[in-house]
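Close look at the chain arrangement
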Amino acid sequence: MTGEFLWTSEEVAQATGGSSNFSWAAEGVWIDSRTIDSKDLFIALKGPNHDGHLYVADVLNRGAAAAVVSYVPEGLEKTAPLVIVSDTQKALEAMAIYARSRVGARICAVTGSVGKTGTKEALGKCLERSGNTHVSVASYNNHWGVPLSIARMPRDTVYAVFEIGM
């Protein structure tokens, strides 16, 4: 996204129950520090192999709008734009719930054992002729990807198509 803010610090704090130390606005949401753009919000998830908190300083140095964290990583300046929450996975899920409630889009969820991505893409192409359509990126269909895809839904979405793993 460019030019339109997807999330503000106030909205993220309200959605997650977290606390934000500065006012900011983000154009996108990412959980992968390697793909983040300037003006995006980074959510520092802690998984079995990686802790996103280790990459917070890097994404902020590269222009990220802010980071959602469950603890303040070492080496950050006091002016680092953060939203502090108790659990970043639960915060991502709460942001998805909030995003869904603020957008009056008609939602289609695609699941099954085969053909999910192709079906999702075909539905998205059909629906985009009738209004602003948001389609989950790639095959983001797991416990990280589904809430991330919903949290990325623009405010003006009329139709949304999400892929959900079985």
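Here is a short report on the structure shown in this document. Quick caveat: nothing in here was measured; it's all calculated off a predicted structure.

Taken as a whole and judged by the stated rule, the model has 6 salt bridges. In this structure, the salt-bridge partner of R62 is D58, at a minimum N-O distance of 3.1 Å. Classification of R62 as partly exposed rests on a relative accessible area of 38%. The partner of E163 in a salt bridge is K120, with the nearest N and O atoms 3.7 Å apart. Within this pair, whereas E163 is found in strand β10 (residues 159-163), its partner K120 is found in helix α4 (residues 116-127), the two being separated by 43 residues in sequence. K120 shares its class with E163; the two are buried. Connected through shared salt-bridge partners, E11, R102 and R155 make up one network.

Another aspect to go through is the pairing of strand β6 (residues 66-69). Alternating positions in β6 separate into two faces, A66 and V68 on one and A67 and V69 on the other, with burial throughout. Taking the sense of rotation as the criterion, the β-α-β connection linking strand β5 (residues 40-43), helix α2 (residues 56-61) and β6 turns out right-handed. For β6 and strand β7 (residues 82-84), the ladder comprises 3 bridges, and the chain directions are parallel. The partner of V68 across the bridge, within β7, is V83.

What counts, and at which threshold
Residues numbered from 1 in each chain as written. Predicted model: local features only at pLDDT ≥ 70, side-chain atom pairs only at ≥ 80, totals over all residues. Heavy atoms only, no water. Salt bridge = Lys/Arg side-chain N within 4 Å of Asp/Glu carboxyl O. Buried < 20%, exposed > 50% of the residue type's maximum accessible area, 1.4 Å probe, protein only. Helix = DSSP H or I, 4+ residues; strand = E, 2+ residues; numbered from the N terminus. Right-handed = clockwise from strand over helix to strand, strands pointing away. Pairing = 2+ DSSP bridges.

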